[in-house]
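# Inside the fold
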Amino acid sequence: MDIPILLCKEEEKKQKPADSELTFGKLFTDHMFFMYYRDEKWQDPRIIPYQSFEMDPACSVLHYSQEIFEGMKAFLHPDDSIHMFRPYENAERMNLSAERMCMPKINKDLFVNAITQLIRVDKEWVPSLPGTSLYIRPTMIASETFIGLRPSNEFYFFVILAPVGPFFKDGFNPTKAYVAAESVRAAPGGTGEAKTGGNYAATLCETNKARSLGYPMVIWLDSIERRYVEEGSGMNIMFVIDGQLYTPPLGGTILHGITRKSVIELAQKMGIIVKEERLDINTLIEKISNSSCSEAFFVGTAASITPIGKIYFKGTEYEINNNDVGEIAQKLYDELVGIQTGKIQDTFNWTYKVV
Ligand SMILES: *Cc1c(COP(=O)(O)O)cnc(C)c1O
């Protein structure tokens, strides 16, 4: 299916920074994908110059946050081809989020095709320096003008692209994480497994507090007993205990991370035993203290694999693996990033060629 394209004028094109100057999420490319939903169908899909929306102040997303999004990446390969990583998984998850938030689904081929064509238009924006990539942000918002409490009948779906550098300025060096003490991000029956804006808004306050104490990341606990580790704010979490890989099971409150899923498959292929089990933070701290927990790391699209060197829990800081990158995290990172960037053969068929 061909999607109509309206190119921006040559003089409207933005200046591209050097790859080494790229940060995360502040700069966007020259074009975007846009379509709207009305009369029970998606209409008028098109690629247009990147632009602002005009919105009525009563637009429903501004009041009740009926909003979902996705986060994915495209990478430049050594032969100059561009590949996305498992885009159909994102299409599927977007529809899972849509269902939970009472929003319309999007045909998965349209989702992937729209992004493919958009990247082709802005392919000059895909950076090449190691550690950089093109971040892709598909978003759906309720666009009807009304403030009654019911699902919107109209929606916008758009995709914007951002050339990005490393998510953490320290790159693959271990980060520090703060175990949330005051708030929770998701409760059973809530929206934790949907990628919806409100989940993130709920984490900002405690994340800010953690940052002011020097911890860039927060680890969220379950909302009932406040002792089982769930995940980070935008990343899933894994631990190496006695040589086996542990991660909390998906149970409605945890986001179905595609990196999580991929890392599990990679680990299994490497012969590592993977256990999806609930992890009590108190037991975990004990195992960190006696070194049977030898590694901890976050996994997610934005920062791929990020080792955790220090964990703050109830007034004490615990060091993991002497604050060094662990062997298993390193192996998984090399394999995952190698496949994403085309430096290692993709035997899983995870990469999707754009151009
Ligand atoms: C996006 C996200 C993840 C990671 O998912 P990926 O598909 O691996 O990027 C994990 N947790 C939360 C809360 C997220 O929003």
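What you see is a predicted model; the values in this text were computed from it and never measured. (Residues numbered from 1 in each chain as written. Predicted model: local features only at pLDDT ≥ 70, side-chain atom pairs only at ≥ 80, totals over all residues. Heavy atoms only, no water.)

## Observations concerning the environment of serine 143
Here serine 143 lies in the loop between β6 (133–142) and β7 (155–164). Sequence separation between serine 143 and alanine 177 is 34 residues, and the spatial gap between their C-alpha atoms is 37 Å. Once you skip the residues sitting within four places of it in the chain, serine 143 turns out to touch Cys59, Ser60, Ser152, Glu154, Phe155 and Tyr156. Separated by 3.2 Å, the side chain of serine 143 and the backbone nitrogen of phenylalanine 155 make a polar contact. (Helix = DSSP H or I, 4+ residues; strand = E, 2+ residues; numbered from the N terminus. Contact = heavy atoms within 4.5 Å. Polar contact = N/O pair within 3.5 Å; in protein donor to acceptor, adjacent residues only side chain to side chain.)

## A look at the side chain of threonine 139
Within the fold, threonine 139 resides in strand β6. The class for threonine 139 is buried, based on a relative accessible area of 7%. (Buried < 20%, exposed > 50% of the residue type's maximum accessible area, 1.4 Å probe, protein only.)

## Some remarks on the packing of aromatic side chains
Applying the stated rule across the entire model yields 20 aromatic pairs. Summarising the aromatic geometry, the rings of tyrosine 37 and phenylalanine 155 are spaced 5.9 Å apart at their centres and angled 65 degrees between planes, so their arrangement reads as edge-to-face. Of this pair, tyrosine 37 sits in strand β1 (residues 31–38) while phenylalanine 155 sits in strand β7, and the two are 118 residues apart along the sequence. Using a relative accessible area of 2% as the deciding quantity, one classes phenylalanine 155 as buried. Ring pairs connect the aromatic residues Phe33, Tyr37, Trp42, Phe111, Phe155 and Phe157, which therefore count as one cluster. The ring of phenylalanine 146 has arginine 150 sitting right over it, with the charged end atom 4.1 Å from the ring centre. The residue whose ring lies beneath lysine 176 is tyrosine 215, and the NZ or CZ to ring-centre distance is 4.9 Å. (Phe/Tyr/Trp six-rings, centres within 6.5 Å; stacked < 30°, edge-to-face > 60°. Lys NZ or Arg CZ within 6 Å of the ring centre and 35° of its normal.)

## Regarding the domain arrangement of the chain
Looking at the chain, the domain boundaries give domain 1 (10–164) and domain 2 (175–340). The straight-line distance from the C-alpha centre of domain 1 to that of domain 2 is 27 Å. The interface of domain 1 with domain 2 comprises 21 residues on the first partner and 21 residues on the second. Together, the buried faces of domain 1 and domain 2 total about 1800 Å²; carbon and sulfur atoms form 58% of this surface. The tally of links between domain 1 and domain 2 comes to two salt bridges. In this structure, glutamate 89 engages lysine 261 in a salt bridge whose closest nitrogen and oxygen atoms are separated by 2.9 Å. (Domains from an automatic or database assignment. Buried area = accessible area lost by both parts, 1.4 Å probe. Salt bridge = Lys/Arg side-chain N within 4 Å of Asp/Glu carboxyl O.)

## Section: the environment of valine 355
Here valine 355 lies in the segment after β17 (351–353). Separated by 236 residues in the primary sequence, valine 355 and isoleucine 119 place their C-alpha atoms 8.5 Å from one another. Setting aside residues up to four positions removed in sequence, valine 355 forms contacts with Ser81, Ile82, Arg120 and Lys123.

## Regarding helix α7 (residues 327–340)
The first and last C-alpha atoms of α7 sit 20 Å apart over 14 residues, in line with the 20 Å expected at 1.5 Å per residue. Just beyond α7, the residue with positive phi is glycine 342, at close to 80 degrees. (Expected span 1.5 Å × (residues − 1).)

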